[in-house]
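A closer look at the structure
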Amino acid sequence: MNYLQSAQALYEQMVRDRRHLHQHPEVGMDLPETCSYVMARLTEMGYQPRRLGGGVTATLTGKPDGKVFLLRADMDALPMREESGLPFASQRSCAHTCGHDMHTAMLLGAAQLLRDRAAELNGTVKFMFQPGEEGYKGALHMVEAGLLENPHVDAALGMHSQSASDYPTGTIMHTTGPSAASADGFKVIVHGKGAHGARPEDGIDPVNILAHILIALQTINSRERNQQEPLILTIGQLIAGTAENIIPNDGYLTGTIRAFNQEVRVHAKRRLEEISKGIAATFGATAEIQWYTEFAPTINDRALMAELDGYVRELLGDDRVKITEPQMGSEDFSEVMLRVPGAFFNLSTGSREEGYLFGAHNPQVRHNEAALPTGSAVYAYTAMRWLEENC
């Protein structure tokens, strides 16, 4: 029996896993019920899972002196209400509107597929069930807690569901290099001096200073970057004051920086701090910069991706593998890919033509559960084949 047939035999169990998680979502780094469920399922399969960095990990070793391949699924939901109309919709004020319940169910399925073939495994597979992908640095927490060591990880694969895609359910999509952009959320706080609007000379106007900063920041993109390297610097808020005739003491602006190139990203962040603090000082004020989300760009290792692409084509056929363009959204699996060769797939969980009209982070999003066996088989088969060819 091949991997797809074996995964199809696990379909009903994966649906049960997915729907349980979907009805009981949790947000952020603290996912006690989700982690307990995942650990219980892994234990049923014969694994010895453990908590690590807020998430769950387990290993499966066939040949003990072989290499180590990591498979990752994120588990956290979003703080928004679901409006899908599904009979198993979230029972809480948060929801799996990014498909992480699908990822977790698929990786549990892969864990069973690999467990059933442990004698054939030419090395070790490490499973990463991650919390806090949605802006909470969950991958980094697990990495800092030792995820990539004991045993040391040699290569890694992550996967994400994509509803409202351009391709039929069960299609694997990937890029050959950059996959997702960095995402650095920032807040620039200007501390000035309040005054009456009729006597501006008595104050230091943070509104005026923030306006100068906002305009000056655009020169990072237009004048300082390599024009062949994408960079987006977006200001989403400029907040200051409580009345029309009062100069406030303080004000702030917030935004994000996104790039595919790590050097471009680092330069833009450094220049944002220098420009903001320099302009504030010019006007006699001070500027404080706070960084919120800090995701590196997700860049596929070209050699690894070429290899895994071949394995997926062996499994699914050429017509179900598509090379796509990079996206300016972000993905914190980049923290793993900064440290070991990594690859990232997207899996179509419903196309617009099939009636799946809403994408991730939309309260009406739905995912086609028929994609679960494909995702599970891809996880398991790529790990098995990579270990076989890289012994």
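Our structure is the block above this text.
Turning to the pairing of strand E2 (residues 55-61), a few remarks are in order. Summarising burial for E2: five of the seven residues are buried, a large majority. In sequence, strand E1 (residues 50-52) turns back onto E2 through a hairpin of two residues, with glycine 53 there showing a positive phi of about 55 degrees. Inspection of the sheet shows E2 paired to strand E4 (residues 123-130) by six bridges, in the antiparallel sense. In the strand pairing of E4, threonine 59 is matched with lysine 126.

Here the residue pair asparagine 150 and proline 151 is connected by a cis peptide bond, since its omega of 5 degrees sits within 30 degrees of zero. With respect to the secondary-structure elements, proline 151 resides in the loop between helix H5 (138-144) and strand E5 (155-162). Residue asparagine 150 is not a glycine yet carries a positive backbone phi of 50 degrees. Here asparagine 150 is to be found in the loop between H5 and E5. When its relative accessible area of 70% is taken as the criterion, asparagine 150 is described as exposed. The phi dihedral of alanine 164 falls on the positive side, at around 55 degrees, and the residue is not glycine. The topology assignment puts alanine 164 in the loop between E5 and strand E6 (172-174). Since its relative accessible area comes to 7%, alanine 164 is described here as buried.

One ladder, built from eight bridges, connects strand E8 (residues 183-191) with strand E12 (residues 250-259); its direction is antiparallel. Bridge pairing in E12 links isoleucine 189 to tyrosine 252. Sheet topology places strand E10 (residues 231-240) next to E12; nine bridges connect them, and they run antiparallel. If you follow isoleucine 232 over to E12, its bridge partner there is arginine 258.

The α-helix winds at 3.6 residues per turn, so residues separated by three or four positions along the chain end up facing the same way. A rise of 1.5 Å per residue sets the reference length of helix H7 (residues 262-282), with its 21 residues, at 30 Å; its end C-alpha atoms lie 30 Å apart and thus fit the reference within 8%. For H7, the complete set of buried residues consists of Val264, Arg265, Ala268, Lys269, Arg271, Leu272, Ile275, Ser276, Ile279 and Ala280. Buried positions along H7 lie against E8, helix H6 (206-224), E10, E12 and strand E13 (286-295). Looking at where H7 begins, the residue whose side-chain oxygen comes 2.7 Å from the main-chain nitrogen of glutamate 263 is asparagine 261. Just downstream of H7 lies glycine 284, where phi reads positive at about 85 degrees.

Turning next to the pattern of salt bridges. Within the structure shown, the criterion is met by 26 salt bridges. Of the charged contacts in the structure, one is a salt bridge between arginine 19 and glutamate 369, with a shortest N-O distance of 2.8 Å. Of this pair, arginine 19 sits in helix H2 (residues 11-23) while glutamate 369 sits in the loop between strand E16 (342-348) and helix H10 (372-389), and the two are 350 residues apart along the sequence. Using a relative accessible area of 7% as the deciding quantity, one classes glutamate 369 as buried.

Approximately 660 Å³ is the volume attributed to the largest pocket. Among the elements of the structure, E5, strand E7 (178-180), E8, E12, E13 and E16 are those that each provide at least two residues to the lining of the largest pocket. Looking at the lining of the largest pocket, its residues break down into eight nonpolar, 18 polar and seven charged.

The next subject is the sheet that holds E8. Read from one edge of the open sheet, four strands run E10-E12-E8-E13, paired in antiparallel fashion. The sheet is open, and its two edges are formed by E10 and E13, each paired on a single side. In this sheet, neighbouring strand axes are inclined to one another by 15 degrees on average, regardless of whether the strands run parallel or antiparallel. Packed on one face of the sheet, H6 meets E8, E10 and E12 and runs near 175 degrees to E10. Against the sheet, H7 contacts E8, E10, E12 and E13, and its axis sits at roughly 160 degrees relative to E13.

Here is what the cut-offs are and how they apply
- The numbering scheme is per chain: residues are counted from 1 as the chain's sequence reads.
- Local features in a predicted model are, by the rule used here, given only for residues with pLDDT of at least 70; side-chain atom pairs are given and counted only at 80 or more, and totals for whole chains, interfaces and linings are based on all residues.
- Side-chain calculation: all heavy atoms of the structure are included, whereas hydrogens and water are not.
- Three labels apply to residues, based on accessible area from a 1.4 Å probe with only protein chains included: buried if under 20% of the type maximum, exposed if over 50%, partly exposed otherwise in between.
- Helix numbers and strand numbers start at the N terminus; a helix is a DSSP run of H or I with at least 4 residues, a strand a run of E with at least 2.
- Any two strands are treated as partners once DSSP identifies two or more bridges connecting them.
- Expected helix span is given by 1.5 Å per residue-to-residue step, counting one fewer step than there are residues.
- Two residues form a contact once any of their heavy atoms are found within 4.5 Å.
- Polar contacts, as counted here, are pairs of nitrogen or oxygen atoms within 3.5 Å of one another; within protein the pair requires one atom able to donate a hydrogen and one able to accept it, and residues that are adjacent in sequence qualify only if both atoms are side-chain atoms.
- For this analysis, a salt bridge means a side-chain nitrogen from Lys or Arg found within 4 Å of a carboxyl oxygen belonging to Asp or Glu.
- Each cavity reported here is a set of points on a 1 Å grid over the protein atoms alone in which a 1.4 Å probe fits but cannot get out, each pocket an open set with protein on both sides within 12 Å along at least five of seven lines, and each lining residue one with an atom within 4 Å of a point.
- Grid points are joined across faces, edges and corners, and a volume is the space filled by probe spheres set on the points.
- Three residue categories are used. Nonpolar comprises Ala, Val, Leu, Ile, Met, Phe, Trp, Tyr, Cys and Pro, charged comprises Asp, Glu, Lys and Arg, and polar comprises the others, including Gly.
- In this analysis an axis means a line fitted to C-alpha atoms, helices contributing only their contacting stretch, and an angle means the value between N-to-C directions, from 0 to 180 degrees.

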